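# A closer look at the structure
If you want the building blocks of each chain, they are given just below.
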Amino acid sequence: LSASLRYVIIGCQGMPLASLTWYISVLNFVALICFMVFLMFFRFWDIPAIKAKDASVQITARDFAVEIDHLPTTIDDHHQYEQRLAAFIDQRLREVAKAKKK
């Protein structure tokens, strides 16, 4: 039999299969839209909120890390590295403080 001639019996009622598949496809489309809305909500609202909360609660090395740029590439006296690095950082901090005053 052709699909257009088939009937689905629900209780005592018979319904053509072609009209029933239209309802099923509409319900499937509605479920797909609901699922996509849930995914977008979860991806763009829920996950960033959880990430921000987790970042504020966890204490990691990132909270205390400092990135220093323009370090000298070579040092003649390596045993004085600590003192020269401290002097370099102090010089850079003074330059930043002077630039902020302007």
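Refer to the structure above for everything that follows.
About the thresholds
- Along every chain, residues carry numbers that run from 1 in the direction the sequence is written.
- In keeping with the model being predicted, local features are shown solely for residues with a pLDDT of at least 70 and side-chain atom pairs are shown and tallied solely at 80 or more, while totals for entire chains, interfaces and linings include all residues.
- Heavy atoms from the whole structure form the basis of all side-chain values; hydrogens and water molecules are not counted.
- A strand pair is defined by DSSP finding two or more bridges across the two strands.
- Every helix listed is a DSSP run of H or I at least four residues long, and every strand listed is a run of E at least two residues long, numbered separately from the N terminus.
- Here the aromatic set is Phe, Tyr and Trp, taking the six-membered ring for Trp, and pairing holds for ring centres within 6.5 Å; pairs whose planes are under 30 degrees apart are stacked, those over 60 apart are edge-to-face, and all others are tilted.
- Throughout this description, buried means an accessible area under 20% of the type-specific maximum (1.4 Å probe, protein chains only), exposed means over 50%, and partly exposed covers the range between.
- Any helix carries an expected span of 1.5 Å times its number of residues minus one.
- Take the seven residues that end at a residue and the seven that start at it, fit an axis to each, and the angle between those axes is the bend at that residue.
- Salt bridge, as applied in this entry: a Lys or Arg side-chain nitrogen positioned within 4 Å of an Asp or Glu carboxyl oxygen.

## Structural notes on the pairing of strand β1 (residues 7-10)
Bridging between β1 and strand β2 (residues 13-16) involves four bridges; their strand directions are antiparallel. Bridging across to β2, valine 8 finds its partner in methionine 15. Following β1, the chain reverses through two residues before pairing antiparallel with β2; glycine 11 in that reversal takes a positive phi of roughly 65 degrees.

## Some details on the packing of aromatic side chains
In this structure the tally under the stated criterion is three aromatic pairs. Both rings, one in tryptophan 22 and one in tyrosine 23, keep their centres 5.4 Å apart while their planes meet at 80 degrees; by these two values the pair is edge-to-face. In this structure tyrosine 23 comes out as partly exposed when scored by relative accessible area, which is 45%. When the ring of phenylalanine 38 is compared with that of phenylalanine 42, the centres are 6.0 Å apart and the planes differ by 20 degrees; the resulting orientation is stacked. Here phenylalanine 38 and its partner phenylalanine 42 are both found in helix α1 (residues 17-57), four residues apart, which amounts to about one turn of the helix. A residue is classified by how much of its surface remains accessible, and phenylalanine 38, at 47% relative accessible area, is partly exposed.

## Quick look at α1
In this model, α1 (41 residues) spans 57 Å end to end at C-alpha, consistent with the 60 Å of a helix rising 1.5 Å per residue. In α1, a bend of some 35 degrees at phenylalanine 42 exceeds every other bend along the element.

## Re the pattern of salt bridges
Scanning the model with the defined rule gives three salt bridges in all. Arginine 92 serves as the salt-bridge partner of aspartate 69, at 3.7 Å between the closest nitrogen and oxygen. Of the two residues, aspartate 69 is situated in the loop between α1 and α2 (81-101) and arginine 92 in helix α2; the sequence distance between them amounts to 23 residues. On the basis of relative accessibility, which here comes to 40%, the residue aspartate 69 falls in the partly exposed class. Linking arginine 94 and aspartate 90 is a salt bridge whose minimum nitrogen-to-oxygen distance equals 2.6 Å. Taken as a pair, arginine 94 and aspartate 90 lie in helix α2 at a separation of four residues, close to a single helical turn. Connected through shared salt-bridge partners, Asp69, Arg92 and Glu95 make up one network.

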